[in-house]
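# Tertiary structure, described
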Amino acid sequence: MIDLRSDTVTKPTEEMRKAMYEAEVGDDVYGEDPSVLKLEETAADMLGKEAALLVTSGTQGNQIAVLTHCRPSQEIILEAESHIFYYESGAVSALAGVQTRTISGHRGAMDPHAVRDAIRGVDIHYPETGMISIENTHNRAGGAVVPIENMKSVYEIAQMHKVPVHIDGARLFNAAEAVGVEVKEFAQYADTVQFCLSKGLGAPVGSIIAGSADFIRVARKWRKRLGGGMRQAGIIAAPGLIALTKMKDRLGEDHANARKLAGDIQNIKGLRVDNQVETNIVVVDVKELGVTSQEFVAKLYSEGVLAGGFGPTLVRFVTNYDVSTEQLNQASKVISRVAASCQ
Ligand SMILES: *Cc1c(COP(=O)(O)O)cnc(C)c1O
């Protein structure tokens, strides 16, 4: 099977498995796991933040950010197709008791003026704006990079209104790779950042949230409350450290593979690449074939290629470490054959 459903499907490398085996561990709820502490320090340093916290997943990281920044009854501003709004099972209302104010973006980026206009003034009728979230790269915008300039503008407006900014940077390292900068360059325009170790970076489990030391102190307590306080978590942190120090440098391969795949698909009759491919995501519209994305995905599956439905006629392919360029060429052939069989 050639698995292009997501970059979450990557399995830990030999080096990661060895690091897990050899990891120095302790009880992290007591703050005594040296591998976790090292990972958190390294991540904070890379992001240019005072402190960082290892959490179980990207969703947990985002939710801890909302819980730490906001109080129940407040409102958060976020992009209309953002993960926090679209894919986190309504957690912000279920857990943090906040409501969402969505803004439709352009390729994942919200217009700073629209953000400014959405920030609530003082009025007895209004909820207070508790947080602004920026997703980078933006998943439903097809892995689009939200430009640093856009982030800077939003951050300046947010600071003027004393509203914290959070980056849902599940794939922030992909954004940095695509632009050719360090993740710090993005992180400087936010108070807090979440990124996933378990996506393109290839670690088996975990995400990081980072911010000020004060923020992380409160976030740590929220993590415990949510049942995310883990004990000998160095077993997870050790491969996470390899993800951060080594795997980040190979994300360009995933991006090149995605561009190659998009180029191949563009030449297949009846298929249209729906996004401008900037990182590791290719979104394909199968509408002209007269099939649904579900039907198309099922046909691909029967020929050994896994992809994901992304809308009624949209199919998502995500390149990743576990799919070689050779396998990708094989996938292109299968996609072409399946498309031809639909005509
Ligand atoms: C995957 C993802 C998350 C959540 O990560 P999980 O580890 O799956 O909970 C959050 N935001 C974005 C943009 C994502 O792509």
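Residues numbered from 1 in each chain as written. Predicted model: local features only at pLDDT ≥ 70, side-chain atom pairs only at ≥ 80, totals over all residues. Heavy atoms only, no water.

In this section: the domain arrangement of the protein chain. Parsing the protein chain into structural domains produces domain 1 (10–247) and domain 2 (250–341). Computed from C-alpha coordinates alone, the two centres of domain 1 and domain 2 are separated by 28 Å. Facing 22 residues of domain 1, the contacting portion of domain 2 comprises 17 residues. Summed over both sides, the interface of domain 1 with domain 2 buries roughly 1700 Å², with 51% coming from carbon and sulfur. Among the residues domain 1 hides against domain 2, the three largest losses belong to Arg-107, Asn-174 and Met-247. Together they make up 28% of the total. Scanning the region where domain 1 abuts domain 2 turns up 1 salt bridge. Inspection of the domain 1/domain 2 interface yields 9 residue pairs in polar contact (both at pLDDT 80 or more). Considering only residue class, the side of domain 1 that touches domain 2 consists of 8 nonpolar, 8 polar and 6 charged. (Domains from an automatic or database assignment. Contact = heavy atoms within 4.5 Å. Buried area = accessible area lost by both parts, 1.4 Å probe. Salt bridge = Lys/Arg side-chain N within 4 Å of Asp/Glu carboxyl O. Polar contact = N/O pair within 3.5 Å; in protein donor to acceptor, adjacent residues only side chain to side chain. Nonpolar A, V, L, I, M, F, W, Y, C, P; charged D, E, K, R; others polar.)

In the region of the ligand, the neighbouring residues are Ser-57, Gly-58, Thr-59, Asn-62, His-83, Glu-88, Glu-135, Asp-168, Ala-170, Arg-171, Cys-196 and Lys-199. Within the side chain of Lys-199, an N or O atom sits 2.6 Å from an oxygen atom of the ligand. Alone, the ligand offers 380 Å² of accessible surface; in the complex the protein occludes 84% of this. When residues in the shell around the ligand are grouped by element, the largest group, 3 residues, is from helix H3 (residues 58–69). Here the shell around the ligand is built from residues that sort into 2 nonpolar, 5 polar and 5 charged. (Near = heavy atom within 4 Å. Areas by Shrake-Rupley, 256 points an atom, 1.4 Å probe, with all protein chains shown as cover. Helix = DSSP H or I, 4+ residues; strand = E, 2+ residues; numbered from the N terminus.)

Taken together, the side chains of Phe-85, Tyr-86 and Tyr-87 present a nonpolar region at the surface, about 290 Å² in accessible area. Considering the arrangement of structural elements, one finds Phe-85 in helix H4 (residues 83–86). Assessed through its relative accessible area of 38%, Phe-85 is described here as partly exposed. (Patch = residues over 30% accessible without salt bridge, like charges linked within 9 Å, V, L, I, M, F, W, Y side chains within 5 Å. Buried < 20%, exposed > 50% of the residue type's maximum accessible area, 1.4 Å probe, protein only.)

Moving on to empty space enclosed by the protein. Scanning the model with the defined rule gives 3 cavities of 30 Å³ or more in all. Computed from the structure, the largest cavity encloses a volume of approximately 50 Å³. Lining the largest cavity are His-83, Glu-135, Thr-137, Asn-139, Asp-168, Ala-170, Arg-171 and Lys-199. Taken together, the residues of the lining of the largest cavity break down into 1 nonpolar, 3 polar and 4 charged. (1 Å grid on protein atoms, 1.4 Å probe; cavity = no way out; pocket = protein on both sides within 12 Å on 5 of 7 lines; lining within 4 Å. Points joined across faces, edges and corners; volume = space filled by probe spheres on them.)

Cross-referencing UniProt, the feature "modified residue: N6-(pyridoxal phosphate)lysine" (unreviewed entry) maps to Lys-199 in the present numbering. Looking at the secondary structure, you find Lys-199 in the loop between strand S7 (192–196) and strand S8 (207–211). Other than its neighbours up to four places away in sequence, Lys-199 contacts Asp-7, Thr-8, Thr-10, Ala-170 and Arg-171. (UniProt positions renumbered as here; feature names shortened; annotations may be inferred.)

Reading across from one edge, S2-S8-S7-S6-S5-S3-S4 is the order of the 7 strands in this open sheet, with mixed pairing throughout. Two strands lie at the open edges of the sheet, namely strand S2 (51–55) and strand S4 (99–103), each paired on one side alone. In this sheet, neighbouring strand axes are inclined to one another by 20° on average, regardless of whether the strands run parallel or antiparallel. Taken strand by strand, helix H2 (residues 34–47) contacts S2, S7 and S8, and its axis lies near 125° from that of S2. (Pairing = 2+ DSSP bridges. Axes fitted to C-alpha atoms, helices over the stretch in contact; angles between N-to-C directions.)

To continue, consider the nonpolar core. Counting residues in hydrophobic clusters, the biggest one holds 58 residues, and the most contacted among them are Leu-54, Ile-132, Phe-195 and Leu-197. Considering every element that reaches this core, the biggest residue donor is helix H11 (residues 234–245), with 7 residues. What Leu-54 contacts, discounting residues up to four positions off in sequence, is Val-36, Leu-39, Glu-40, Leu-197, Gly-206, Ser-207, Ile-208, Arg-223, Met-230, Ala-233, Ile-236 and Ala-237. By size, the runner-up hydrophobic cluster in this structure holds 30 residues, among which are Ile-265, Val-305, Ile-335 and Cys-342. (Core = buried A, V, L, I, M, F, W, Y, C linked by side-chain atoms within 4.5 Å.)

We now examine the UniProt feature "domain: Aromatic amino acid beta-eliminating lyase/threonine aldolase" (unreviewed entry) in the protein chain. Feature annotation in UniProt assigns "domain: Aromatic amino acid beta-eliminating lyase/threonine aldolase" (unreviewed entry) to the following positions: residues 3–287. The span residues 3–287 carries 42% helix and 15% strand; its end-to-end C-alpha distance comes to 23 Å.

On to H2. With 14 residues, H2 extends 20 Å from end C-alpha to end C-alpha; this agrees with the ideal 20 Å at 1.5 Å per step. The N-capping residue of H2, defined by a side-chain oxygen 2.9 Å from the backbone nitrogen of Ser-35, is Asp-33. Within two residues after H2, Gly-48 carries a phi angle of roughly 70°, on the positive side. (Expected span 1.5 Å × (residues − 1).)

Space inside the largest pocket adds up to approximately 190 Å³. Broken down by class, the residue content of the lining of the largest pocket amounts to 4 nonpolar, 5 polar and 5 charged.

On to the environment of Leu-300. The topology assignment puts Leu-300 in helix H13 (residues 293–302). Measuring from C-alpha to C-alpha, the distance between Leu-300 and Val-334 comes to 7.1 Å, with 34 residues separating the pair along the chain. Those residues in contact with Leu-300 that sit more than four places away from it in its chain are Val-305, Ala-307, Phe-317, Val-334, Ile-335 and Val-338.

As a further point, take the environment of Val-318. Residue placement: Val-318 occurs in strand S13 (residues 314–318). The exposure class of Val-318 is buried, given its relative accessible area of 0%. On a C-alpha basis, the gap between Val-318 and Asn-139 in space is 10 Å, while along the polypeptide they are 179 residues apart. Contacts of Val-318, omitting those with residues within four sequence positions, involve Leu-4, Arg-5, Ser-6, Asp-7, Asn-280 and Ile-281.

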